[in-house]
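# Commentary on secondary and tertiary structure
This is what each chain is made of:
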Amino acid sequence: MIVMAALVTVLLLAVVALSYRLWKLRQGGTAAILRDVPAVGGHGWRHGVVRYRGDEARFYRLSSLRWWPDRRLSRRGLEIIARRAPRGDEFDIMTAEIVVLELHDTTADRRRGYEMALDRGALTAFLSWVESRPSPRSRPGAVSPEREPPAPDPSGGSRRAGPGSGDEPAAP
């Protein structure tokens, strides 16, 4: 009897986990096919959904029961290395309209390479997300030309505008 109760409990937990994963996948996102590189031929591709959240793209595999994303790509450290069409036996799971991006995540805790296959609409969304990342010059501590302190006045005076600086018209 105890064995039967344990078996039912395990089965119930599996159904709950599968239901949760299915619910997470149905919340929306962009269809994608992802694999780690280096990879050989058409092996290693995993179908899933990419969901963008702040500076991360989270990839959820369709065939996974994990409660968390299977891969996380950091927008700040993401480099697009190359773009290509599917080749060879990749056509078994992709069409000619698919574009394959070779990506490298240079974030210190990741440092991994990926290939991501996207259709034209998903490619546009992904590239827009990547290109909208903040400029490295806008990060805290970076000095941009707009923030540089004013150059000193050769005459030794102050160049700041404001009350008492001599830049406002004289009062009548």
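Residues numbered from 1 in each chain as written. Predicted model: local features only at pLDDT ≥ 70, side-chain atom pairs only at ≥ 80, totals over all residues. Heavy atoms only, no water.

## Concerning the confidence of the model for the chain
Summing up the model confidence of the chain, the mean pLDDT is 79 and the portion of residues at 70 or higher is 75%. Low pLDDT, under 50, characterises residues 158-162; the predicted model gives this stretch 6 contacts beyond four residues in sequence or across chains. (pLDDT = per-residue confidence, 0-100. Contact = heavy atoms within 4.5 Å.)

## Some details on the pattern of salt bridges
Taken as a whole and judged by the stated rule, the model has 10 salt bridges. Between Arg72 and Glu56 there is a salt bridge, with its nearest N and O atoms 3.2 Å apart. Placement of the pair is Arg72 in strand S4 (residues 71-74) and Glu56 in strand S3 (residues 56-61), with a sequence separation of 16 residues. With a relative accessible area of 30%, Arg72 lands in the partly exposed category. Linking Glu90 and Arg84 is a salt bridge whose minimum nitrogen-to-oxygen distance equals 2.9 Å. Residue Glu90 shares its accessibility class with Arg84, and that shared class is buried. Overlapping salt bridges bring together Arg35, Arg84, Glu90 and Glu115 as one network. (Salt bridge = Lys/Arg side-chain N within 4 Å of Asp/Glu carboxyl O. Helix = DSSP H or I, 4+ residues; strand = E, 2+ residues; numbered from the N terminus. Buried < 20%, exposed > 50% of the residue type's maximum accessible area, 1.4 Å probe, protein only.)

## Regarding the side chain of Arg35
Here Arg35 is to be found in strand S1 (residues 30-37). Of the residues examined, Arg35 reaches a relative accessible area of 5% and is grouped as buried. In this structure the side chain of Arg35 is engaged in a polar contact, spanning 2.7 Å, whose partner is the side chain of Glu115. Ignoring sequence-local partners within four residues, the contact set of Arg35 consists of Val40, Gly41, Gly42, His43, Gly44, Trp45, Arg84, Glu90, Gly113, Tyr114 and Glu115. (Polar contact = N/O pair within 3.5 Å; in protein donor to acceptor, adjacent residues only side chain to side chain.)

## So, the nonpolar core
Membership of the largest hydrophobic core comes to 19 residues, with the highest contact counts inside it found for Leu73, Leu78, Leu101, Leu103, Met116, Leu118 and Phe126. Secondary-structure elements contributing two or more residues to this core are S1, S3, strand S6 (99-105), strand S7 (112-118) and helix H2 (120-131). For this core, the element with the highest residue contribution is H2, accounting for 6 residues. In this structure, Leu101 is in contact with Ile80, Ala82, Arg83, Tyr114, Glu115, Met116, Leu118, Leu123, Phe126 and Leu127, ignoring residues within four places of it in sequence. Ile33, Met94, Ile98 and Ala117 belong to the second largest nonpolar core, which has 6 residues in total. (Core = buried A, V, L, I, M, F, W, Y, C linked by side-chain atoms within 4.5 Å.)

## Structural notes on the sheet that holds strand S2 (residues 46-53)
An order of S4-S3-S2-S1-S7-S6-S5 is seen for the 7 strands of this open sheet, with the pairing classed as antiparallel. Strands at the two margins of the open sheet, each flanked by one partner only, are S4 and strand S5 (78-84). The mean inter-strand angle of the sheet, taken between neighbouring strand axes irrespective of direction, is 35°. Inspection of the sheet shows S6 paired to S7 by 7 bridges, in the antiparallel sense. Considered in S7, the bridge of Glu102 is made with Glu115. Against the sheet, H2 touches S1, S2, S3, S4, S5, S6 and S7, its axis set at about 150° to S5. (Pairing = 2+ DSSP bridges. Axes fitted to C-alpha atoms, helices over the stretch in contact; angles between N-to-C directions.)

## Some points on the side chain of Ser74
Examined against the element boundaries, Ser74 turns out to sit in strand S4. With near-sequence residues (within four places) excluded, Ser74 lies in contact with Asp55, Asp105, Thr107, Arg110 and Trp129.

## Considerations on the environment of Asp92
With respect to the helices, strands and loops of the structure, Asp92 is situated in the loop between S5 and S6. A sequence separation of 50 residues divides Asp92 from Gly42, and the C-alpha atoms of the two residues are 8.4 Å apart.

## Side note on H2
Here H2 is 12 residues long and its end C-alpha atoms lie 16 Å apart, about the 16 Å a rise of 1.5 Å per residue gives. Where H2 begins, the capping side chain belongs to Asp119, and its oxygen is found 3.3 Å from the backbone nitrogen of Gly121. (Expected span 1.5 Å × (residues − 1).)

## Examining a nonpolar patch on the surface
Nonpolar side chains collect at one region of the surface, where Met1, Met4, Leu7 and Val8 lie side by side and expose about 500 Å² of accessible area between them. Among the structural elements, Met1 can be located in the segment before helix H1 (2-25). Overall, Met1 belongs to the exposed group, its relative accessible area being 85%. (Patch = residues over 30% accessible without salt bridge, like charges linked within 9 Å, V, L, I, M, F, W, Y side chains within 5 Å. Areas by Shrake-Rupley, 256 points an atom, 1.4 Å probe, with all protein chains shown as cover.)

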